[in-house]
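Below, each chain spelled out in residue letters.
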Amino acid sequence: MRCPKCLLCLSALLTLLGLKVYIEWASESRLSKAYSGPRGTLPGPTPVSPEPTLPANLSVRLGQTGLLPLASWNQQQRRLGVLPSGESAEAGGCQAWGAAAAAEIPDFTSYPEDLRRFLLSAACRSFPQWLPPGASGQVASCSDSDVPYLLLAVKSEPGRFAERQAVRETWGGPAPGIRLLFLLGSPEGEGGPDLGSLVAWESRRYSDLLLWDFIDVPFNRTLKDLLLLAWLGRHCPGTHFVLQVQDDAFVHTSALLGHLQALPPSWARSLYLGEIFTQAKPLRKPGGPFYVPGSFFDGGYPAYASGGGYVIAGRLAPWLLQAAARVAPFPFDDVYTGLCFRALGLVPRAHKGFLTSWPADRVADACTLRRLLLVRPLSPQDSIRLWKQMQDPQLHC
Ligand SMILES: *[C@@H]1O[C@H](CO)[C@@H](O)[C@H](O)[C@H]1NC(C)=O
Ligand SMILES: *[C@@H]1O[C@H](CO)[C@@H](O)[C@H](O)[C@H]1NC(C)=O
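Rules of the game
Residues numbered from 1 in each chain as written. Chains lettered and ligands numbered in written order. Predicted model: local features only at pLDDT ≥ 70, side-chain atom pairs only at ≥ 80, totals over all residues. Heavy atoms only, no water. Helix = DSSP H or I, 4+ residues; strand = E, 2+ residues; numbered from the N terminus. Buried < 20%, exposed > 50% of the residue type's maximum accessible area, 1.4 Å probe, protein only. Contact = heavy atoms within 4.5 Å. Areas by Shrake-Rupley, 256 points an atom, 1.4 Å probe, with all protein chains shown as cover. Right-handed = clockwise from strand over helix to strand, strands pointing away. Pairing = 2+ DSSP bridges. Near = heavy atom within 4 Å. Polar contact = N/O pair within 3.5 Å; in protein donor to acceptor, adjacent residues only side chain to side chain. Nonpolar A, V, L, I, M, F, W, Y, C, P; charged D, E, K, R; others polar. 1 Å grid on protein atoms, 1.4 Å probe; cavity = no way out; pocket = protein on both sides within 12 Å on 5 of 7 lines; lining within 4 Å. Sits in = over half its atoms within 2 Å of the grid points. pLDDT = per-residue confidence, 0-100. Points joined across faces, edges and corners; volume = space filled by probe spheres on them. Domains from an automatic or database assignment. Phe/Tyr/Trp six-rings, centres within 6.5 Å; stacked < 30°, edge-to-face > 60°. Lys NZ or Arg CZ within 6 Å of the ring centre and 35° of its normal. Axes fitted to C-alpha atoms, helices over the stretch in contact; angles between N-to-C directions. Parallel < 35°, antiparallel > 145°, perpendicular 65-115°, else oblique. Salt bridge = Lys/Arg side-chain N within 4 Å of Asp/Glu carboxyl O.

Turning next to the overall build of the protein chain. The helix and strand tally for the protein chain stands at 13 helices and 10 strands. Relative to its full complement of 397 residues, the protein chain shows a buried share of 51%. In the protein chain, 77% of the contacts between residues at least 6 apart in sequence involve partners at least 24 apart. Accessible surface for the protein chain amounts to roughly 19,400 Å². Of this, 59% is attributable to carbon and sulfur atoms.

If you want it as structure tokens, here you go:
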């Protein structure tokens, strides 16, 4: 009596299982065809592994094999166990680490000033939050019932009030599953005007500013990444995805959400998605913002997502922090994130909808943007104009 029912159940289950496997396989192959990157190349030499791993010695992962270049970063990475922890200024502390690294570079004094400053403090990575006087306006932790699906983590600088307001009024506005946070250094500036009271007002008004007490310069952007990851672990664990983005970007939030929701689970778990550079090399011409002296770094960059805007899986936060403790500091935040992902054995995914260097002479119109996920740089005025056009039900493309 019971056996025919069992068989029926079993065959129904098997059919369902087969269907699930087929659907996952079909959507994965369709997506990989659609989004195989602007250059059609598969980034990085590492195989696609869905789960992060962190070998004890990262040399091979990071390509530090064979005859080792004498450049300082390469030597440091070969030797590096774990970076000294931030606070202590004693021997072996982060300042000492920077001084020792600088002392090994024969032409250190000829480096541009921001690079010298970066190297001297690069291992110092714990900073307290900067709290407005009176300490109200603190950013709230996520509650259990309100875990963000997508956290918009916008790197801004204290003086960029208009850029932040444009984000709030457009793509970063309140929506289900979305949380908006701006990442900033100290508003007290260094030699500049003291923006402390203005930023304190803004923080009380909007409660969306995460501020830390370090000088807010481009070479300190990696601090924003790392301090955010640590903050997430403590205050918003469970966040599904994090968009790391500059404040001059325009994000087609609903399209991005749609794309993330349609990802095969195996991709979503280890996501690192954006406009991917696969063959980038350091620029050797002194004077530019991306100049890297030969005595500092030798070799090519890992495949990495342009820092203008990329999405990572929230569950990778603790993994990225572990990797960062063992990847030698590098001045550009997006290259450094690429190095950390490579250290974890995870590859970036390219998507043609991310355009992080939109040409200044090309007008951004709502019809073009409807087909994209993220564009930058745009002025606050352009962002507001486009947002209005895109909300318009009359828009015909
Ligand atoms: C890592 O391995 C390389 C050889 O592949 C070795 O030269 C280096 O000393 C090792 N680094 C550490 C920190 O053990
Ligand atoms: C980054 O911030 C720290 C702490 O304020 C500072 O010591 C360091 O010089 C800054 N880095 C750069 C490149 O200015």
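Another point: the pairing of strand S1 (residues 150–155). Regular strands have side chains that alternate between both faces of the sheet. Within S1, 6 of the 6 residues are buried, leaving the element largely enclosed by the surrounding structure. Burial along S1 is two-sided: the face carrying Leu150, Leu152 and Val154 and the face carrying Leu151, Ala153 and Lys155 are both buried. For the crossover from S1 across helix H5 (residues 161–169) to strand S2 (residues 178–186), the handedness is right-handed. Relative to strand S4 (residues 241–246), S1 is paired through 6 bridges, and the arrangement is parallel.

Neighbouring ligand 1 are Asn57, Ser59, Arg78, Arg79 and Leu80. Here Asn57 contributes a side-chain N or O atom positioned 2.3 Å from an oxygen atom of ligand 1. Arg78 places a side-chain nitrogen or oxygen 3.0 Å from an oxygen atom of ligand 1. About the coverage of ligand 1: the protein hides 50% of its 360 Å² of free accessible area. Of the residues contributing to the shell around ligand 1, the split by class is 1 nonpolar, 2 polar and 2 charged.

Now for the site of ligand 2. Neighbouring ligand 2 are the residues Asp114, Arg117, Phe118, Ser121, Phe127, Phe214, Ile215, Val217, Phe219 and Asn220. At 3.2 Å from an oxygen atom of ligand 2 is found a side-chain nitrogen or oxygen belonging to Arg117. The contact in question runs from an oxygen atom of ligand 2 to an N or O atom on the side chain of Asn220, over 2.4 Å. Placement of ligand 2 is best described as lying within the largest pocket.

Before going further, it helps to spend a moment on the confidence of the model for the protein chain. When pLDDT is averaged across the protein chain, the result is 88; 85% of the residues are at 70 or more. Contacts for the low-pLDDT stretch residues 21–46, under 50 throughout, to residues beyond four places or in other chains number 31 contacts.

What follows covers the layout of surface pockets. To find leftover empty space, one rolls a probe the size of a water molecule over the atoms. Space inside the largest pocket adds up to approximately 1,200 Å³. Residue lining of the largest pocket: 50 residues in total, with Pro218, Phe219, Arg221, Phe290 and Phe332 positioned closest to the centre. If one sorts the elements of the lining of the largest pocket by residue count, helix H4 (residues 113–121) sits on top with 6 residues. Considering only residue class, the lining of the largest pocket consists of 23 nonpolar, 12 polar and 15 charged. Both of domain 1 (84–121) and domain 2 (150–352) provide at least three residues apiece to the lining of the largest pocket.

Note the cis peptide between Arg376 and Pro377, where omega equals -5°. Of note, Pro377 is situated in the loop between strand S10 (374–375) and helix H13 (380–391). Here the phi dihedral of Ser207 falls at roughly 50°; this positive angle occurs in a residue that is not glycine. Positionally, Ser207 belongs in the loop between helix H6 (196–206) and strand S3 (209–215).

The mixed open sheet is built from 3 strands, whose spatial order is S5-S10-S9. The sheet terminates laterally at strand S5 (250–251) and strand S9 (354–355), the two strands that pair on one side only. The pairing of S9 with S10 spans 2 bridges and is parallel. Paired with Phe354 across the strands is Leu374, a residue of S10.

Another point: the packing of aromatic side chains. Inspection of the entire model under this criterion finds 17 aromatic pairs. Ring geometry for Tyr272 and Phe341: centres 3.8 Å apart, planes at 5°, overall stacked. Highlighted residues: Tyr272 in strand S6 (residues 272–277) and Phe341 in helix H11 (residues 333–343), separated in sequence by 69 residues. Comparing Tyr272 with Phe341, the two get one shared label, buried. Both rings, one in Phe290 and one in Phe332, keep their centres 5.5 Å apart while their planes meet at 80°; by these two values the pair is edge-to-face. Residue Phe290 is found in the loop between S6 and strand S7 (304–313), and its partner Phe332 is found in the loop between helix H10 (317–324) and H11; the two are separated by 42 residues along the sequence. A connected cluster of aromatic rings, assembled from ring pairs, spans Trp73, Phe118, Phe219, Phe277, Phe290, Phe296, Phe297, Tyr301, Tyr304, Phe330 and Phe332. The ring of Phe161 carries Arg164 above its face, with NZ or CZ at 5.1 Å from the centroid. Across from the ring centre of Trp267, 3.7 Å away, lies the NZ or CZ of Arg349, which sits over that ring.

Bringing the packing of H5 against H6 into the picture now. Close contact between H5 and H6 brings their axes to 12 Å; oriented N to C, the two are set at 10°. Relative to H6, H5 is oriented roughly parallel. Where H5 abuts H6, its residues Phe161, Arg164, Gln165 and Arg168 lie against Leu198, Val199, Glu202 and Tyr206. Here the contact of H5 with H6 is built from residues that sort into 4 nonpolar, 1 polar and 3 charged.

Evaluation of the coordinates by the stated rule reveals 14 salt bridges. Between Glu163 and Arg160 there is a salt bridge, with the nearest N and O atoms lying 3.8 Å from each other. Overall, Glu163 belongs to the buried group, its relative accessible area being 18%. For Arg160, a relative accessible area of 27% translates into the label partly exposed. Linking Asp247 and Arg160 is a salt bridge whose minimum nitrogen-to-oxygen distance equals 2.8 Å. Of this pair, Asp247 sits in the loop between S4 and S5 while Arg160 sits in the loop between S1 and H5, placing them 87 residues apart in sequence. Overall, Asp247 belongs to the buried group, its relative accessible area being 5%. If you follow the salt bridges from partner to partner, you end up with Arg164, Arg168, Glu202 and Asp208 in one network.

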